[in-house]
Amino acid sequence: MKAERIAEISTIVFAIAILVFLGALSFQYLGYISHGSYIPSNETAIPIKVIAKQYVWEFVYPNGTVSYNKVVIQAGKPYVFQLTSADVIHAFYIVQLGMKMQAIPGYTYDLYVLVNQPGVYNIWCAEFCGPGHYTMKGIMIVTNSTG
């Protein structure tokens, strides 16, 4: 009976230790994304406004150019996507990077992005936003920084 009690307590302590460790890692990772800590301090992130609307992503570049469902950035340069929503709650999800951030009406959230590999990355809405939710898809085109 005593051995069973020790095994039970050991299991609980081990589970708590694992959960605390994973929580600390998650908290650190969230800080990296939320504050752009992984971007070199000598570089300034280029802001791009992202406005979620049923059922489209609107991107507004610093020069005022607007595009829908497609954003083009350069590899190796830091960007900050300033996320908001014009109607309901959405979730901006860059699938291949595993980066996701909520877009909520009346609030703006910063998502720092630094992609080193040129290519095409999928953007999905990961929050049910209405009957056309499945059509809310976009792409992020990452071009070579040299050309």
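Remember, it's a predicted structure, so these values are computed and weren't measured experimentally.

The rules we used
Residues numbered from 1 in each chain as written. Predicted model: local features only at pLDDT ≥ 70, side-chain atom pairs only at ≥ 80, totals over all residues. Heavy atoms only, no water. Helix = DSSP H or I, 4+ residues; strand = E, 2+ residues; numbered from the N terminus. Buried < 20%, exposed > 50% of the residue type's maximum accessible area, 1.4 Å probe, protein only. Patch = residues over 30% accessible without salt bridge, like charges linked within 9 Å, V, L, I, M, F, W, Y side chains within 5 Å. Areas by Shrake-Rupley, 256 points an atom, 1.4 Å probe, with all protein chains shown as cover. Salt bridge = Lys/Arg side-chain N within 4 Å of Asp/Glu carboxyl O. Polar contact = N/O pair within 3.5 Å; in protein donor to acceptor, adjacent residues only side chain to side chain. Contact = heavy atoms within 4.5 Å.

Thoughts on unusual backbone geometry
Here's step 1: Tyr55 follows Gln54 through a cis peptide bond whose omega is 0°.
Here's step 2: Its place among the elements puts Tyr55 in the loop between strand E1 (46-53) and strand E2 (56-60).
Here's step 3: Positive phi, close to 65°, is recorded for Asn69, a residue that is not glycine.
Here's step 4: Turning to its location among the elements, Asn69 is positioned in the loop between strand E3 (66-68) and strand E4 (70-74).
Here's step 5: Relative accessible area serves as the criterion here: at 23%, Asn69 is assigned to the partly exposed category.

Things to note about a nonpolar patch on the surface
Here's step 1: A cluster of nonpolar side chains, contributed by Phe14, Ile18, Phe21, Leu22 and Leu25, occupies part of the molecular surface with about 510 Å² of accessible area.
Here's step 2: Within the secondary structure, Phe21 is located in helix H1 (residues 2-35).
Here's step 3: Exposure remark for Phe21: the relative accessible area of 52% places this residue in the exposed category.

A word on the pattern of salt bridges
Close approach of charged atoms allows side chains of opposite charge to pair.
Here's step 1: What the rule picks out here adds up to two salt bridges.
Here's step 2: Between Glu8 and Arg5 there is a salt bridge, with its nearest N and O atoms 3.9 Å apart. Highlighted residues: Glu8 and Arg5, both in helix H1, separated by three residues, approximately one helical turn.
Here's step 3: Glu58 is the salt-bridge partner of Lys53, the closest N and O atoms lying 2.5 Å from each other.
Here's step 4: Overall, Lys53 belongs to the partly exposed group, its relative accessible area being 28%.

Description of the side chain of Ser85
Here's step 1: Topologically, Ser85 is positioned in strand E5 (residues 78-85).
Here's step 2: A distance of 3.2 Å separates a polar side-chain atom of Ser85 from the backbone nitrogen of Asp87.
Here's step 3: Separated by 2.4 Å, the side chain of Ser85 and the backbone oxygen of Val88 make a polar contact.
Here's step 4: If we ignore the near neighbours within four places in the chain, the residues touching Ser85 are Ala52, His90, Ala103, Ile104, Pro105 and Gly106.

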